[in-house]
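# Summary of the model geometry
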Amino acid sequence: MITRARVSGCFGSSVVAGAVLILSAMGAAALTGAFSGLLGAAVEPPTRALLAVTAVSAVLAGAAFRPAPWQLDRETDTRWLAYNDWRTAAYNGFALGLGFTTRIGFWLWYVVPLTAFVAADPLLGAAGYMVFALTRVGLSALLTSADVYVTGGIARARMVTDPLAFAALGALYPVLTPLL
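What you see is a predicted model, and the numbers here were worked out from it, not measured in a lab. (Residues numbered from 1 in each chain as written. Predicted model: local features only at pLDDT ≥ 70, side-chain atom pairs only at ≥ 80, totals over all residues. Heavy atoms only, no water.)

Okay, the overall build of the protein chain next. Broken down by element type, the protein chain carries 6 helices and 0 strands. Put simply, the protein chain has 180 residues, and 40% of those count as buried. (Helix = DSSP H or I, 4+ residues; strand = E, 2+ residues; numbered from the N terminus. Buried < 20%, exposed > 50% of the residue type's maximum accessible area, 1.4 Å probe, protein only.)

Set out below in structure tokens:
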């Protein structure tokens, strides 16, 4: 999809398409992260901690017993390719920046919304989600522009990300338990 996200007219370069893709992903991520932070701020700290501990426990149990994370098991909409203009890149970036609207691939993703919720700060939530979007979309755009394909990429990456997810989610427990 990224290689087809070209921008028509005088801005027909893949660099502009990549910039539109990344910026729309970061915009969607900022909105989602700010919403998660606001949602956390609207909940009293003990209740927020209880909800977060429950969510962390569920994700850890899921990661221990399922090889693939809970996700919408789909790619971005291929009908967007028919636009052949900036919308292809923008819509694709927006969907990928939200995170949960497409295939996630890694349990580590769940750290992003949980941390935004626990932080209870819209700015921190937006910043965390934007880092997620920049790494998710930016790395894909970089690998595509370099014409690099990693064989068995997700399966190999899970050997690193799944232990990181356990460590990161486990690190939330000492932060949350004093709030209970």
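Scanning all chains against the criterion turns up 3 aromatic pairs. Between Trp109 and Tyr110 the ring centres are 5.1 Å apart and the planes differ by 75°, which places this aromatic pair in the edge-to-face class. Ring pairing ties together the aromatic residues Trp109, Tyr110, Tyr129 and Phe132, which thus form one cluster. (Phe/Tyr/Trp six-rings, centres within 6.5 Å; stacked < 30°, edge-to-face > 60°.)

Okay, the packing of helix H2 (residues 45-65) against helix H4 (residues 111-119) next. As a packed pair, H2 and H4 sit with axes 10 Å apart at the nearest point and diverge in direction by 170°. Here H2 is positioned roughly antiparallel relative to H4, judged by the angle of their axes. In terms of crossing hand, the pair formed by H2 and H4 is left-handed. Together, Arg48, Leu51, Ala52, Ala55 and Val56 of H2 and Leu114, Phe117 and Val118 of H4 make up the contact between the two elements. Considered class by class, the residues forming the contact of H2 with H4 number 7 nonpolar, no polar and 1 charged. (Axes fitted to C-alpha atoms, helices over the stretch in contact; angles between N-to-C directions. Parallel < 35°, antiparallel > 145°, perpendicular 65-115°, else oblique. Left-handed = near helix turned anticlockwise from the far one by under 90°. Contact = heavy atoms within 4.5 Å. Nonpolar A, V, L, I, M, F, W, Y, C, P; charged D, E, K, R; others polar.)

On to the environment of Ala52, then. Within the secondary structure, Ala52 is located in helix H2. By relative accessible area, which is 1% here, Ala52 ends up buried. It is 6.7 Å that separates the C-alpha atoms of Ala52 and Leu114, two residues lying 62 residues apart in sequence.

As for its placement among the helices and strands, Thr101 is situated in the loop between helix H3 (86-98) and H4. For Thr101, a relative accessible area of 16% corresponds to the buried category. Considered as a pair, Thr101 and Glu75 are 26 residues apart in the sequence and their alpha carbons are 8.7 Å apart. Residues contacting Thr101, with those up to four places away along its chain left out, are Leu72, Arg74 and Ala95. At a separation of 2.7 Å, a polar atom in the side chain of Thr101 contacts the main-chain carbonyl oxygen of Ala95. (Polar contact = N/O pair within 3.5 Å; in protein donor to acceptor, adjacent residues only side chain to side chain.)

Attention now moves to the side chain of Ser24. Note that Ser24 resides in helix H1 (residues 14-41). If sequence neighbours within four positions are ignored, Ser24 has contacts with Ala89, Ala90, Gly93 and Phe94.

Further remarks concern H3. With 13 residues, H3 extends 19 Å between its outermost C-alpha atoms, agreeing within 8% with the 18 Å of an ideal straight helix rising 1.5 Å per residue. Positive phi shows up at Gly99, right after H3, with a value of about 90°. (Expected span 1.5 Å × (residues − 1).)

It is worth spelling out the confidence of the model for the protein chain at this point. Confidence in the prediction of the protein chain, expressed as mean pLDDT, is 77, and 69% of residues score 70 or more. Mean pLDDT across the elements of the protein chain bottoms out in helix H6 (residues 153-176) (62) and peaks in H1 (89). This stretch, residues 3-10, has a pLDDT under 50; its non-local contacts, to residues over four places away or in other chains, come to 21 contacts. (pLDDT = per-residue confidence, 0-100.)

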